[in-house]
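# Report on the structure
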Amino acid sequence: MQAFNPWPLGQQIVYREVWREKIWTARPVTVVRDTPEWVALYQCAGTPWALPIGSGEPFLQCLQTGRWQLQEVALDYDGLILARPGEAHAVHVMWDRARAFTGWYVNLQEPLRRTALGFDFMDQALDLVVQPDLTWAWKDEDELQQAVALGLFSAQQAQAIRAEGERVVERLRARQSPFSDGWEHWRPPAAWPAPSWPAGWATL
Ligand code: MG
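The text that follows walks through the structure, step by step, so that each part is easy to find. (Residues numbered from 1 in each chain as written. Predicted model: local features only at pLDDT ≥ 70, side-chain atom pairs only at ≥ 80, totals over all residues. Heavy atoms only, no water.)

## Describing the coordination of the magnesium ion
All of the protein donors around the magnesium ion are N107 (OD1), D123 (OD) and D127 (OD); their distances to the metal are 2.1 to 2.3 Å. Written as a sequence motif, the donor arrangement for the magnesium ion is N-x15-D-x3-D. Remark: D127 occurs in strand β11 (residues 123–130) and N107 occurs in strand β8 (residues 101–109); sequence separation between them is 20 residues. (Donors = N, O, S within 2.8 Å, 3.2 Å for Na, K, Ca; no water. Helix = DSSP H or I, 4+ residues; strand = E, 2+ residues; numbered from the N terminus.)

This is the structure:
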């Protein structure tokens, strides 16, 4: 077994979505926690963010064809990303521009893979939007269906993605972690600079 080699608090690393050996998105983030139980990452407004631009095709088509390039913009919102190692989702703590808590966003995605520069994973279309009072709704169910129709995911994978979402719903109904941990009160230390790209971030 590989030794657990956590990132230290405050380390700037790169958080990348990778589809079929090609970077789909990337952003540098700052490590808040890295334990076998939780990975917590802070994304700061103003941070550089590499996003795909296709040749005018919808995003799902770009994934199908593999035709896209990255374009850099500035991240326009602050947030905290919480992921349990090995589980196929991340819970984002959402704030407004004044850093008031506005709710949670459950991003169904591959379990994080540790890399030399941070973490890699890929988004899985379906999401859950969770209000501060823990009422919730699915988001982008149609996108997941389209992804299956395009052959990006199998029907079986889509079922597993939805089942993962349902497990998260059970946790939030039961007021379990991370919805009961007080993360919505966490704020970044004022001294933390907006992260920049680590050298080599664009190479897999
Ligand atoms: Mg998503």
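## Some details on the nonpolar core
L63, L80, L82, F179 and W183 are the most contacted members of the largest nonpolar core, which totals 38 residues. Counting residues per element, this core draws most heavily on helix α3 (residues 155–173), at five residues. Ignoring anything within four residues of it in the chain, the contact list for L63 reads W19, R20, W24, W68, M122 and L152. Listed in part, the 13 residues of the second largest apolar core include V29, L41, A90 and F119. (Core = buried A, V, L, I, M, F, W, Y, C linked by side-chain atoms within 4.5 Å. Buried < 20%, exposed > 50% of the residue type's maximum accessible area, 1.4 Å probe, protein only. Contact = heavy atoms within 4.5 Å.)

## Structural notes on the side chain of T47
With respect to the helices, strands and loops of the structure, T47 is situated in the loop between β3 (39–43) and β4 (48–53). Contacts of T47, omitting those with residues within four sequence positions, involve P28, V73, A74, L75, A194 and P195.

## Some thoughts on the side chain of E164
Looking at the secondary structure, you find E164 in helix α3. E164 sits in the buried class, given a relative accessible area of 9%. A polar side-chain atom of E164 sits 2.9 Å from the main-chain amide nitrogen of A88. Residues contacting E164, with those up to four places away along its chain left out, are E87, A88, H89 and L108. (Polar contact = N/O pair within 3.5 Å; in protein donor to acceptor, adjacent residues only side chain to side chain.)

## Digging into the pairing of β11
With seven of eight residues buried, β11 is to be regarded as a mostly interior element. When β11 meets strand β12 (residues 136–139), the two strands line up antiparallel, connected through four bridges. Considered in β12, the bridge of D127 is made with K139. The loop that links β11 with its antiparallel partner β12 comprises five residues; one of these, L134, has a positive phi angle of about 70°. (Pairing = 2+ DSSP bridges.)

## As for the environment of Y15
Considering the arrangement of structural elements, one finds Y15 in strand β1 (residues 12–19). Look at Y15 and you get buried, because its relative accessible area is 1%. Here the alpha-carbon distance between Y15 and R27, two residues twelve residues apart in the chain, equals 5.4 Å. Filtering out sequence-adjacent residues up to four positions away, Y15 remains in contact with T25, A26, R27, V29, L41, I81, A90, Q109, L112, F119 and F121.

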